[in-house]
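Results of the structural survey
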Amino acid sequence: MSFNHIVVQNILRDKSTYISYFLSSVFSILIFFLFSTTAFHPMMTEIDTTSTLGITMLLASFFIYIFSFVFIIYSLFAFLKKKTKTLGLFMMTGASLKQIRKMVFRENMLVAGAAIVTAIALGLIIAPLFLMVAKKILRADSFGMYVPMQAIMLTVVLFVILFIVVSKWMTRLIKKEEIIQLLKSDVTQEKLITSAPLKLVLSMIVSAFLFVSIIKEMSWIASFETLGYIALFVSLLLSLYFVVTQGVLLAIRLLQKRPSYFQKTNMLFVSNLKAKGRSHAHIMYLLTILLLGVFVCTSVLYSSYYNVKKNAEAAYPYSFQYVSLPKNTSEAEKEDIAFIEEALGKEGKVTVDYSAFKADDEHWIGFMSVSNYNALGLHKPITLKDNEYYVAAGNEGVHPNTETIHDYPFGELHYAGLEEKNILSTGLRNAYFIVPDEVYETIDYPVYKVFAYEVDQWTDKVEVAEIILSRIHTEPDLHLTASKIDLYDAEKFVKSIMFFIGFMLSLIFMSAAMSILYFYLQTSLAGEKEKYVGIRKIGLSVKELSSVVTKELATLIFAPFTIAAIVLFVAMFGMHSYISSTFYRMTAIGVGIFLLLFVISFFIIRRSYLNKLVN
């Protein structure tokens, strides 16, 4: 019998252990391959790799690979933990440490090779459907199937390197001196959770201080820059760890003090929870972090995708805006306006607003008469007394300085109010001061003529915006153009890609959470089965066994979900002044959908786990 034959037979004899490791590897590779297939699509060559979007795509690919690296290491740890007794027996029968390491390495590489081939084959089958979904999300005209040779080569090379490095490193962790521990691994009692209220309180105080410092933009945060955010991230992870571990310990103690502790199977459930409290808490901690990743990816990215139209309208109020500068000739201006109105007129109803303002280019201030302000029909008209002025915002989201007008020799004018929304495209001026018509006539600054157009159902008018902008684009000395249609289309594309990346990351986080839970249950299955067989001999019925297992699984699945949801909503409440109502709505919908998925997963896992325990 050859050494390779032993390796193959070892895999075939313990299929249940290898299949879980194989499937988790396949899924990690499949996600990376599908993302790479999209990233290397010919249509994506339009994206500048040095742009923010291009760098984001690159970082997302890197993050997916690094996450796969960490996840496969965890899977391999769980895999070796389940095989500890088998490895110990091999050593006891005379196998050298070198042979054991060689066997584990070859087993891993055999599984890795099969996982890479399977993932790529599945990816090629799924890719057409996946690209159809990507086409819908990215709103691409052409996003069909192609032969993804770059994605295939990248996936094969990176994951072969990954598996070689991980397998070599993990086999070095197998020590001959640990043979006794390996053989006793099934009966070794794990340590109980120790009480650490001081660490919990201290970590939460540090996290709260860092969080408030960043939100309030304190000066010391600005001096440390990135280090402050890293410190907050680490402190939040530590706080969450102590919350989970100390929460499990507190729950055990409270359950033991309840009168119902001695009723039915409650004592058995609590005792089992106490005995496995540390490992349960670690799994719940990992699941909580992964679920927070899922919630953040879906909530943040989808809410930004959902708000594109609203944000475009806030930045550029008009469907199309043409501002004629003083150096622009009358003939060129008439020709441009005729072309714009002819193109827009073919698209249905068009509302036209003609206005003007005088510009102080040195201070980036605009002065507008009441008549010209009221000529812009997207806001309520106003009236001013001879000694009053009104202020309108120039930059979206920036509160204008309402007192700057007093630096000009316009007499004693009194503040009458503020229009917080942009009246023209954002950034055209820092602020607009609306003054009585008589005062406006005395102002000696260049006149900027404004031609503003609003069309019905403007989100569907991308083609006409492209036609106009292809011929009439901004020329800084002659005229300025702006279109919320063009802005909406560009932002929609960017947010679509960001949403697509978030969707992929959510898939990875969710699959990792389910895989970690599956591995944990698989590695503890043999011990649990032996324990419950012994308990059943002293009178525990299948129904009572089902009750204990159901409570334990519900704790493992829904406790992390609840903690993650609470942490998310507490963070949102702390940032309520920075978050829109859309974000709350999208978050609630996302959490509700994932809760439904978890309920379905719970019943599937419960049924499968009970069948394995009973049979």
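The structure contained in this document is the topic of the report that follows. On a predicted model such as this, the values are computed, not experimentally measured, just so you know.

Of the regular secondary structure elements, the chain holds 20 helices and 8 strands. The buried share among the 615 residues of the chain stands at 47%. Taking contacts inside the chain between residues at least 6 apart in sequence as the whole, the part at least 24 apart equals 84%. As displayed, the chain has an accessible area near 31700 Å², and 65% of this comes from carbon and sulfur atoms.

Working definition: two side chains of opposite charge can pair if their charged atoms are close together. Scanning the model with the defined rule gives 5 salt bridges in all. Close ionic contact of Glu-552 with Lys-276 constitutes a salt bridge, the shortest N to O distance being 4.0 Å. Here Glu-552, found in helix 19 (residues 542-574), pairs with Lys-276, found in the loop between helix 11 (266-275) and helix 12 (277-306); they are 276 residues apart in sequence, far enough to count as distant. Both residues of the pair, Glu-552 and Lys-276, belong to the buried class.

Okay, the sheet that holds strand 3 (residues 365-369) next. One open sheet holds the 8 strands; their spatial order is 5-4-6-3-2-7-1-8, and the pairing between them is mixed. Each of the sheet's edge strands pairs with one partner strand only, and the pair in question is strand 5 (414-422) and strand 8 (479-482). For this sheet the average axis-to-axis angle between neighbouring strands, irrespective of direction, equals 25 degrees. Pairing analysis gives 4 bridges linking strand 4 (residues 388-393) to strand 6 (residues 431-435), with the strands arranged antiparallel. By the bridge assignment, Ala-392 is partnered in strand 6 with Tyr-432.

Another aspect to go through is the pairing of strand 7 (residues 447-455). A large share of strand 7 lies buried, amounting to 7 of its 9 residues. In this sheet, strand 7 lies alongside strand 2 (residues 350-360) in antiparallel orientation, the contact comprising 9 bridges. Directly across from Asp-353, in strand 7, lies its bridge partner Ala-452.

A word on empty space enclosed by the protein. Counted according to the given criterion, the structure contains 3 cavities of 30 Å³ or more. Estimated volume of the largest cavity: approximately 60 Å³. Along its surface, the largest cavity is lined by Lys-276, His-280, Tyr-520, Leu-521, Ser-524, Glu-528, Val-549, Glu-552, Leu-553, Leu-556 and Tyr-609. For the lining of the largest cavity, the elements supplying multiple residues, two or more each, are helix 18 (484-537) and helix 19. Counted by class, the lining of the largest cavity contains 6 nonpolar, 2 polar and 3 charged residues.

A separate point is the packing of helix 17 (residues 462-471) against helix 18. Two packed helices can be described by the angle between their axes and the distance between those axes. Between helix 17 and helix 18, the least distance of the axes is 9 Å, while the angle of their chain directions is 115 degrees. With respect to each other, helix 17 and helix 18 are oriented roughly perpendicular. Here helix 17 runs over helix 18; the crossing is left-handed. Residue-level contacts link Val-462, Ala-465, Glu-466 and Leu-469 of helix 17 to Ile-485, Asp-486 and Asp-489 of helix 18. Of the residues that constitute the contact of helix 17 with helix 18, the class distribution is 4 nonpolar, no polar and 3 charged.

For the rest of this paragraph, the subject is the packing of aromatic side chains. Using the criterion set out here, one finds 22 aromatic pairs in the structure. On the numbers, 5.4 Å between centres and 70 degrees between planes, the contact of Phe-32 with Phe-159 is edge-to-face. Note that Phe-32 is positioned in helix 2 (residues 15-39) and Phe-159 in helix 6 (residues 149-171), a separation of 127 residues in sequence. A single burial state applies to Phe-32 and to Phe-159, both of which are buried. Geometrically, the ring pair formed by Phe-295 and Phe-594 is tilted, given 6.0 Å between the ring centres and 50 degrees between the ring planes. With Phe-295 in helix 12 and Phe-594 in helix 20 (residues 581-614), this pair connects stretches of sequence that are 299 residues apart.

Now for helix 14 (residues 330-345). The terminal C-alpha atoms of helix 14 lie 22 Å apart, and with 16 residues this matches the ideal 22 Å at 1.5 Å per residue to within 8%. Buried within helix 14 are the following residues: Glu-333, Asp-336, Ile-337, Phe-339, Ile-340, Ala-343 and Leu-344. Seen along its axis, helix 14 keeps its buried residues to an arc of 160 degrees; they face one direction. Projecting away from the buried face of helix 14 at angles above 90 degrees are the exposed residues Glu-331, Lys-334 and Glu-342. Contacts made by the buried residues of helix 14 are with strand 1 (320-324), strand 2, strand 7, helix 17 and strand 8.

Turning to unusual backbone geometry, a few remarks are in order. Here the phi dihedral of Trp-364 falls at roughly 60 degrees; this positive angle occurs in a residue that is not glycine. Along the chain, Trp-364 turns up in the loop between strand 2 and strand 3. The backbone of Gln-457 sits at a positive phi, close to 50 degrees, despite the residue not being glycine. Within the secondary structure, Gln-457 sits in the loop between strand 7 and helix 17. According to the relative accessible area criterion, Gln-457 is exposed, its value standing at 59%.

Turning our eyes to something else, we now look at helix 11. Along helix 11, the residues that are buried comprise Asn-266, Phe-269, Val-270, Asn-272 and Leu-273. End-on view of helix 11: buried residues confined to an arc of 160 degrees, all on one side of the axis.

Our next topic: the environment of Phe-569. If you trace the backbone, Phe-569 turns up in helix 19. Sequence spacing of Phe-569 and Thr-587 is 18 residues, and the spatial spacing of their C-alpha atoms is 8.8 Å.

Reading guide: rules and limits
Residue positions are counted from 1 within each chain, in the order its sequence is given. Only residues with pLDDT of 70 or above have their local features reported here, since the model is predicted, and side-chain atom pairs are shown and tallied only from 80 upward, although totals for entire chains, interfaces and linings are computed over all residues. The side-chain values count all of the structure's non-hydrogen atoms but skip hydrogen atoms and water molecules. Put simply, DSSP marks the helices as runs of H or I at least four residues long and the strands as runs of E at least two long, and each gets a number from the N terminus on. When a residue's accessible area, from a 1.4 Å probe over protein chains only, is under 20% of the maximum for its type it is buried; when over 50% it is exposed; and in between it is partly exposed. Contacts: residue pairs with any heavy atoms within 4.5 Å of one another. Per-residue accessibility takes into account occlusion by the displayed protein chains alone, with areas from the Shrake-Rupley method and a 1.4 Å probe. Any Lys or Arg side-chain nitrogen located within 4 Å of an Asp or Glu carboxyl oxygen qualifies as a salt bridge. By this definition, two strands are paired if DSSP reports at least two bridges between them. Geometry is summarised by axes, namely lines fitted to C-alpha atoms with helices restricted to the contacting stretch, and by angles between N-to-C directions that run from 0 to 180 degrees. A cavity, in this analysis, means grid points on a 1 Å lattice covering only the protein atoms where a 1.4 Å probe fits yet has no way out; a pocket is instead an open set bounded by protein on both sides within 12 Å along at least five of seven lines, and a residue lines either one if it has an atom within 4 Å of a point. Grid points are joined across faces, edges and corners, and a volume is the space filled by probe spheres set on the points. Under the grouping applied here, Gly and all other residues not named as nonpolar or charged are polar, the nonpolar ones being Ala, Val, Leu, Ile, Met, Phe, Trp, Tyr, Cys and Pro and the charged ones Asp, Glu, Lys and Arg. Any angle that falls under 35 degrees is termed roughly parallel, while one over 145 is termed roughly antiparallel, one within 65 to 115 roughly perpendicular, and all others oblique. Crossings are classed by handedness, with left-handed meaning an anticlockwise turn of the near helix from the far one by less than a right angle and right-handed meaning a clockwise turn. Aromatic rings from Phe, Tyr and Trp, taking only the six-membered ring of Trp, are treated as a pair when their centres fall within 6.5 Å; an angle between ring planes under 30 degrees marks them as stacked, one over 60 as edge-to-face, and anything in between as tilted. Any helix carries an expected span of 1.5 Å times its number of residues minus one. The arc in question is the one traced by the directions running from the helix axis out to the C-beta atoms.

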